[in-house]
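Residue strings, one per chain:
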Amino acid sequence: MTLNNTVKSNGLFAPLKIGELELNNRIVMAPLTRARAGEDRVPNELMTEYYSQRASAGLIITEATVISEQAIGWVDTPGIFNDKMQQGWARVVEAVHKQGGRIFLQLWHMGRSSHSDFHDGELPVAPSAIAIQGDGIHTPSGKKPHEVPRALEAEEIPGIVEDYRKAAMRANAAGFDGVEVHAANGYLLDQFLQSKSNHRTDQYGGSLENRYRLLGEVMDAVTSVWSADRVGVRIAPNGVHGDMGSADFREQFTYVAKQLDGYGLAYLHVMDGTGFGFHKLGSAMTLREFRELYSGRLMGNVGYTKEAADETIAAGDADLIAFGRPFISNPDLVERFANGWSLAEAAHVSLWYGPGARGYTDFPRYNVAKASA
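Everything in this summary refers to the structure shown in the same document. These numbers come from a predicted model, not from an experiment.

1. Describing the sheet that holds strand β14 (residues 320-323)
Reasoning step 1: An order of β3-β4-β5-β10-β11-β12-β13-β14 is seen for the 8 strands of this closed barrel, with the pairing classed as parallel. Recorded for the sheet is a direction-independent mean angle of 25° between the axes of neighbouring strands.
Reasoning step 2: The sheet contact formed by strand β3 (residues 27-29) and β14 spans 3 bridges and is parallel. Its bridge partner lying in β14, Met-29 is registered against Phe-323.
Reasoning step 3: Its contacts with the sheet put helix α6 (residues 208-222) on β5 (103-108), β10 (178-182) and β11 (231-235), and the angle it makes with β10 is roughly 170°.

The structure is reproduced here in structure tokens:
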């Protein structure tokens, strides 16, 4: 897609340089779990087609990708912990790059948001033995209630940090432009951050500093592989996914933002919107609030329209905006935004997750001739 100079100068369509990485626009394809990798969790030709279809985004952040066998907790999601997975992702990256796109890999450990069915009967791990209160989890054997997880021993934690480092190395070898550390949505790193799920009394629990410790160690490990300006972090201070929501959320995420500010990251990805669930334990943390805490690039997410995104960037509250669900049924979302074309009908939730091409790679691009006929 070629944009005229007027469009290029406007909010979402202004280019952005992150270190030596140049983004054509500020529209980010948010990480979207689509469960098309199959039982072997190896990225395949269908996934390659899907991501290359959406390469006009200024940046693609891949679906959450598990860093180890222990990290697994969702049927048919991809991994990045063996050679075949790395090679599969390398094909995805090559296809996106051929289309002129940029792509980061999101690193994921599900922690207690898993089930023993994924682990040969062994319980999932977490900071504390506290079960998710929710309607259950889909496992390879069907939907089942959440289990009380096993609390990690302190001596096990360096092994998890090492898994993040190895995954970052594989992402680098696969040719990615960078990585995003997933510390949101009630997964392992978020479980450590939040007082609701972390009741530890050792060096990984209790105080704001101790609850942040694991994320800090992961960041040190990942930035030992990648330049910090090729690493992003995703946080969700307002969300309830994974039974999150802590009374001291503002204090905790203020501390997190200040600590991450010292790295010189590619961006801090804040799920600031409340449209997909809000714990209501205080006023929601906004991007403007994070601007006061964090001096680097900010990415907003959750429920943005093009108009709201433009306004947020114009106000200086964010540098990038991530769009999730609109990218499902609009592989050409950037072109539609740029030209004022209508969006396709939103994909029904029954099509979000695998298997197969239906509801994944079969959404058409905007038909200019048909629309003008």
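From this point on, the discussion continues.
2. Let's talk about helix α7 (residues 249-260)
Reasoning step 1: Relative to the 16 Å expected for 12 residues at 1.5 Å per residue, α7 spans 16 Å between its end C-alpha atoms, a close match to the ideal helical length.
Reasoning step 2: Structurally, α7 contributes buried residues whose contacts are with α5 (188-193), α6, β11, β12 (267-270) and α8 (287-293).

3. Quick notes on the pattern of salt bridges
Pairs may arise between side chains of opposite charge once their charged atoms sit close together.
Reasoning step 1: Per the stated rule, a full pass over the model turns up 17 salt bridges.
Reasoning step 2: With a closest N to O distance of 2.9 Å, Asp-317 and Arg-288 form a salt bridge. Of this pair, Asp-317 sits in the loop between α9 (306-314) and β14 while Arg-288 sits in helix α8, and the two are 29 residues apart along the sequence.
Reasoning step 3: Relative accessible area serves as the criterion here: at 12%, Asp-317 is assigned to the buried category.

4. Re the environment of Ser-114
Reasoning step 1: By the element assignment, Ser-114 lies in the loop between β5 and β6 (125-126).
Reasoning step 2: Along the sequence, Ser-114 and His-146 sit 32 residues apart, while their C-alpha atoms lie 7.9 Å from each other.
Reasoning step 3: One polar contact links the side chain of Ser-114 to the main-chain carbonyl oxygen of Ile-72, over a distance of 2.7 Å.

5. Here we look at the packing of α6 against α7
Reasoning step 1: Relative orientation of the contacting elements α6 and α7 amounts to 35°, with a least axis distance of 10 Å. Read as a crossing pair, α6 and α7 show a hand that is right-handed. Listed contacts from α7 to Leu-208, Glu-209, Arg-211, Tyr-212, Leu-215 and Met-219 of α6 are Glu-251, Gln-252, Tyr-255, Val-256, Gln-259 and Leu-260.
Reasoning step 2: Here the contact of α6 with α7 is built from residues that sort into 7 nonpolar, 2 polar and 3 charged.

6. Quick look at the nonpolar core
Where a protein is soluble and globular, its nonpolar side chains tend to be buried together.
Reasoning step 1: Residues Leu-107, Val-222, Leu-268, Phe-290 and Phe-323 are the most contacted members of the largest nonpolar core, which totals 92 residues.
Reasoning step 2: For Phe-290, the contacting residues outside a window of four places in its chain are Ile-235, Pro-237, Phe-253, Ala-257, Leu-268, Val-270, Met-285 and Leu-298.
Reasoning step 3: One finds Ile-18, Phe-104, Tyr-267 and Ala-322 within the second-largest nonpolar core, a separate group that totals 14 residues.

7. A short note on the layout of surface pockets
Reasoning step 1: Here the largest pocket defines a volume of roughly 900 Å³.
Reasoning step 2: As for the largest pocket, its lining consists of 39 residues, and the residues nearest its centre are Asn-185, His-241, Met-271, Phe-276 and Arg-325.
Reasoning step 3: When contributions to the lining of the largest pocket are tallied by element, the ones reaching two or more residues are β4 (59-66), β14 and α10 (325-329).
Reasoning step 4: Looking at the lining of the largest pocket, the element that brings in the most residues is α10, giving 3 residues.
Reasoning step 5: Taken together, the residues that form the lining of the largest pocket break down as 20 nonpolar, 14 polar and 5 charged.
Reasoning step 6: Approximately 570 Å³ is the volume found for the second largest pocket.

8. Quick look at the environment of Arg-165
Reasoning step 1: Mapping Arg-165 onto the fold places it in helix α4 (residues 157-173).
Reasoning step 2: A residue is classified by how much of its surface remains accessible, and Arg-165, at 25% relative accessible area, is partly exposed.
Reasoning step 3: C-alpha separation for the pair Arg-165 and Val-218, spaced 53 residues apart in sequence, amounts to 7.5 Å.
Reasoning step 4: Not counting residues up to four positions away in its chain, the partners in contact with Arg-165 are Ala-221, Ser-224 and Val-225.
Reasoning step 5: A distance of 2.6 Å separates a polar atom in the side chain of Arg-165 from a polar atom in the side chain of Glu-162.

Definitions and cut-offs
- Residues numbered from 1 in each chain as written.
- Predicted model: local features only at pLDDT ≥ 70, side-chain atom pairs only at ≥ 80, totals over all residues.
- Heavy atoms only, no water.
- Pairing = 2+ DSSP bridges.
- Helix = DSSP H or I, 4+ residues; strand = E, 2+ residues; numbered from the N terminus.
- Axes fitted to C-alpha atoms, helices over the stretch in contact; angles between N-to-C directions.
- Contact = heavy atoms within 4.5 Å.
- Expected span 1.5 Å × (residues − 1).
- Salt bridge = Lys/Arg side-chain N within 4 Å of Asp/Glu carboxyl O.
- Buried < 20%, exposed > 50% of the residue type's maximum accessible area, 1.4 Å probe, protein only.
- Polar contact = N/O pair within 3.5 Å; in protein donor to acceptor, adjacent residues only side chain to side chain.
- Left-handed = near helix turned anticlockwise from the far one by under 90°.
- Nonpolar A, V, L, I, M, F, W, Y, C, P; charged D, E, K, R; others polar.
- Core = buried A, V, L, I, M, F, W, Y, C linked by side-chain atoms within 4.5 Å.
- 1 Å grid on protein atoms, 1.4 Å probe; cavity = no way out; pocket = protein on both sides within 12 Å on 5 of 7 lines; lining within 4 Å.
- Points joined across faces, edges and corners; volume = space filled by probe spheres on them.

Nothing here speaks to function; it is all geometry.
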